[in-house]
Amino acid sequence: MDHVREEIIEQCSHLFGETKAEVKRNNKSVDKLMQIFEQIKEQSEYAEAVYTDLLNYDDDKVRFEAAVCCLKLKKKVREAKMVLKCISQQNSNPAIRFSAEMVLETWENNGYL
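Everything numeric here is computed off the predicted structure, so don't read it as measured data.

A. View of unusual backbone geometry. One non-glycine residue with positive phi stands out, namely Phe-16, at about 60°. Looking at where Phe-16 falls in the secondary structure, it is placed in the loop between helix H1 (3-12) and helix H2 (20-40). Despite not being glycine, Lys-76 shows a phi value in the positive range, around 50°. Here Lys-76 is to be found in the loop between helix H4 (60-73) and helix H5 (77-90).

B. Region of the structure containing the layout of surface pockets. Quantified by volume, the largest pocket comes out at close to 250 Å³. The set of elements that each furnish at least two residues to the lining of the largest pocket consists of H2 and H4. Tallied by class, the residues present in the lining of the largest pocket amount to nine nonpolar, three polar and two charged.

C. Quick peek at a positive patch on the surface. A grouping of Lys-20, Lys-24, Arg-25 and Lys-28 is seen on the molecular surface, where their side chains present a positively charged patch. Relative to the helices and strands, Lys-28 resides in helix H2.

D. Layout of the environment of Arg-78. Here Arg-78 shows up in helix H5. Given a relative accessible area of 57%, Arg-78 falls into the exposed group. When the C-alpha atoms of Arg-78 and Ala-67 are compared, they prove to be 9.7 Å apart, with 11 residues separating the residues in sequence.

E. Geometry of the packing of H4 against helix H6 (residues 94-110). H6 packs onto H4 with a crossing angle of 10° between their chain directions and a minimal axis gap of 11 Å. Looking at the two axes, H4 sits roughly parallel to H6. Across the interface between the two elements, Asp-60, Lys-61, Phe-64, Val-68 and Leu-71 from H4 touch Ile-96, Ser-99, Ala-100, Val-103 and Trp-107 from H6. Here the residues of the contact of H4 with H6 sort into seven nonpolar, one polar and two charged.

Criteria and thresholds
Residue numbers run consecutively from 1 along every chain, following the written order of its sequence. With pLDDT at 70 or above as the cut-off, local features in this predicted model cover only qualifying residues; side-chain atom pairs require 80 or more to be listed or tallied, and sums for whole chains, interfaces and linings still use all residues. To get the side-chain values, all heavy atoms of the structure are used, and hydrogens and water are removed first. Where helices and strands are cited, they refer to DSSP runs of H or I of at least four residues and of E of at least two residues respectively, numbered from the N terminus. Any residue with an atom within 4 Å of a point lines the site, the site being either a cavity, points on a 1 Å grid over the protein atoms alone where a 1.4 Å probe fits but cannot get out, or a pocket, an open set with protein on both sides within 12 Å along at least 5 of 7 lines. Grid points are joined across faces, edges and corners, and a volume is the space filled by probe spheres set on the points. Basically, the charged four are Asp, Glu, Lys and Arg, the nonpolar ten are Ala, Val, Leu, Ile, Met, Phe, Trp, Tyr, Cys and Pro, and anything else, Gly included, counts as polar. Residues enter a patch when their relative accessible area is above 30% and they make no salt bridge; the linking distance is 9 Å between like charges and 5 Å between nonpolar side chains (Val, Leu, Ile, Met, Phe, Trp, Tyr). In this description, accessible areas are obtained by the Shrake-Rupley approach with a 1.4 Å probe, and a residue is regarded as covered only by the protein chains that are shown. By convention in these notes, a salt bridge is any Lys or Arg side-chain nitrogen within 4 Å of a carboxyl oxygen on Asp or Glu. Only four residue types enter the charge count: Lys and Arg as positive, Asp and Glu as negative, with His and the chain ends excluded. One atom stands in for each charge, and that atom is NZ of Lys, CZ of Arg, CG of Asp or CD of Glu. Here the term buried applies to any residue with accessible area under 20% of the maximum for its type, exposed to any over 50%, and partly exposed to those in between, with areas from a 1.4 Å probe on protein chains only. Axis angles are defined between N-to-C directions and span 0 to 180 degrees, where every axis is a line fitted to C-alpha atoms and, for a helix, only to the segment in contact. We call two directions roughly parallel when the angle between them is under 35 degrees, roughly antiparallel when it is over 145, roughly perpendicular when it lies between 65 and 115, and oblique otherwise. Between two residues, a contact is recorded if the distance between any of their heavy atoms is within 4.5 Å.

Here it is, written out as structure tokens:
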């Protein structure tokens, strides 16, 4: 798609680390992903296109981020929830499974993230 999409994919590769160094890198990536979201969310159609495209990416870390952002935007909600449910049930990493469960629970309880 473009450089924003590629930057999201790059930053997602550092999510859900386990060692101290990986957790530190995770935190930096989360900050960067939040900055990207804040920069593009006002361009509603563009943001929706980027995150919708990434819902189908082949890495669950990317799919997780895309699903969370879709819920924040209140776009493609059904698809985003399906992605999170799949991750929460099938991913081998307990951290991402738990995170997906918590996002779904928060969404169901509050109707927003």
